[in-house]
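The chain contents come next:
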Amino acid sequence: VLRPVLKLRTDPDDPIRSKLDADYTNALVLVGWGLATLSWLLLGTSLYCVIRSLPFAMISVPPDIGPKLWFVSIAACSLSVVAGFLSLLPGGAGVRELILTILLTPIVGSTAALVVAIAHRLVTMLSELIVASASKFLETTYRRSLRTTT
């Protein structure tokens, strides 16, 4: 898929191009797509869990939407994240919440939709902070272990 782009954008004798050609495989692209899909599903599932965790939000969910709420959560979350990217604001500040509120209002009501959008933003920020902190801790631990062994 990317080989024609690489050939157009680089000089045939460029050593970087040969390295990219050697590292690039279709299997790697499929793994990337699979992981990206999994991340979108997990992000939508986190929104679903936020909705389900707030009793006042679940009260107003229509019975016919109930079983489809997971799919609606994934779609609403995906659309809000893409809109946030397109807004060019840092982290889609406010845009993600606005889109989520608009999309969830017919399902859970306007007040609950706003609370769900803000709670989901807090949950995602907290989870990103935890993962970033764990990554930094692991990196620091690894670098220290390299220093002590040499």
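Anything mentioned here points back to the structure above.
This one's a predicted model, so the numbers in the text were calculated from it and none came from an experiment.

About the thresholds
- In this numbering scheme, every chain counts its residues from 1 along its sequence in written order.
- Given that this is a predicted model, residues contribute local features only at a pLDDT of at least 70 and side-chain atom pairs are listed and counted only at 80 or more, while totals for whole chains, interfaces and linings are drawn from all residues.
- Note that the side-chain values use all heavy atoms of the structure and ignore hydrogens as well as water.
- Using a 1 Å grid laid over the protein atoms alone, points where a 1.4 Å probe fits but cannot get out form a cavity; open sets with protein on both sides within 12 Å along at least 5 of 7 lines form a pocket; any residue with an atom within 4 Å of a point counts as lining.
- Grid points are joined across faces, edges and corners, and a volume is the space filled by probe spheres set on the points.
- Each residue receives one of three labels: charged for Asp, Glu, Lys and Arg, nonpolar for Ala, Val, Leu, Ile, Met, Phe, Trp, Tyr, Cys and Pro, and polar for the others, Gly being one of them.
- The criterion for an aromatic pair is that two Phe, Tyr or Trp rings (for Trp, the six-membered ring) have centres within 6.5 Å, with stacked assigned to planes under 30 degrees apart, edge-to-face to planes over 60 apart and tilted to the rest.
- Working definition: with a 1.4 Å probe on protein chains only, accessible area under 20% of the residue-type maximum means buried, over 50% means exposed, and in between means partly exposed.
- Per the convention used, a helix needs a DSSP run of H or I reaching at least four residues, while a strand needs a run of E reaching at least two, with both numbered from the N terminus.
- To estimate the expected span of a helix, count its residues, drop one, and scale the result by 1.5 Å.
- The contact criterion used throughout is that any non-hydrogen atoms of two residues lie within 4.5 Å.
- Here the nonpolar core consists of buried residues drawn from Ala, Val, Leu, Ile, Met, Phe, Trp, Tyr and Cys, with membership extended through side-chain atoms lying within 4.5 Å.
- Axis angles are defined between N-to-C directions and span 0 to 180 degrees, where every axis is a line fitted to C-alpha atoms and, for a helix, only to the segment in contact.
- Should an angle lie under 35 degrees it is considered roughly parallel, over 145 roughly antiparallel, and from 65 to 115 roughly perpendicular; all remaining angles are considered oblique.
- Should the near helix be turned counterclockwise from the far one by less than a right angle, the crossing is left-handed, whereas a clockwise turn marks it as right-handed.

To continue, consider the layout of surface pockets. Approximately 300 Å³ is the volume found for the largest pocket. Around the largest pocket sit 16 residues that line it, and Leu43, Arg96, Thr124, Ser127 and Glu128 are the ones nearest its centre. Partitioned by chemical class, the residues of the lining of the largest pocket number 7 nonpolar, 7 polar and 2 charged.

Further remarks concern the packing of aromatic side chains. Here the structure, examined in full by the defined rule, presents 1 aromatic pair. When the ring of Trp70 is compared with that of Phe71, the centres are 5.1 Å apart and the planes differ by 65°; the resulting orientation is edge-to-face. Overall, the relative accessible area of 30% leaves Trp70 in the partly exposed class. On the accessibility criterion, Phe71 (55% relative accessible area) is exposed.

End to end, helix α3 (residues 26-53) covers 40 Å across 28 residues, agreeing with the expected 40 Å (1.5 Å per residue, within 8%). All of the buried residues along α3 are Gly44, Ser46, Leu47, Val50 and Ile51. In this structure, the buried side of α3 is in contact with α4 (55-59), α5 (69-87), α6 (95-108) and α7 (110-149).

This part takes up the nonpolar core. A general tendency of soluble globular proteins is for nonpolar side chains to be buried together. Ranked by internal contacts, the top residues of the largest apolar core, which has 19 residues, are Leu47, Ile51, Ala57, Leu104, Val108 and Val116. Put simply, the parts of the chain that give this core at least two residues each are α3, α5, α6 and α7. Look past the residues within four positions of Val116 in its chain and what remains in contact with it is Leu47, Val50, Ile51, Leu54, Ala57 and Leu104.

Let us look at the packing of α3 against α7. Think of two packed helices as two axes; the pair is described by the angle between the axes and how far apart they sit. The N-to-C vectors of α3 and α7 enclose an angle of 130°; their axes lie 10 Å apart at closest approach. Taken together, α3 and α7 sit at an angle that is classed as oblique. The chirality of how α3 crosses α7 is right-handed. Along the contact surface, α3 presents Leu43, Ser46, Leu47, Val50 and Ile51, while α7 presents Val116, Ala119, His120, Val123 and Thr124. For the contact of α3 with α7, a count of residues per class yields 7 nonpolar, 3 polar and no charged.

Bringing the packing of α6 against α7 into the picture now. Between α6 and α7, whose axes approach to 7 Å, the crossing angle comes to 135°. It follows from the interaxial angle that α6 and α7 lie oblique. With respect to the hand of their crossing, α6 and α7 are arranged in right-handed fashion. Between α6 and α7, the contacting residues are Arg96, Glu97, Leu100, Thr101, Leu104, Thr105 and Val108 on the first element and Ser110, Ala112, Ala113, Leu114, Val116, Ala117, His120, Arg121 and Thr124 on the second. Its residues placed into classes, the contact of α6 with α7 shows 8 nonpolar, 5 polar and 3 charged.

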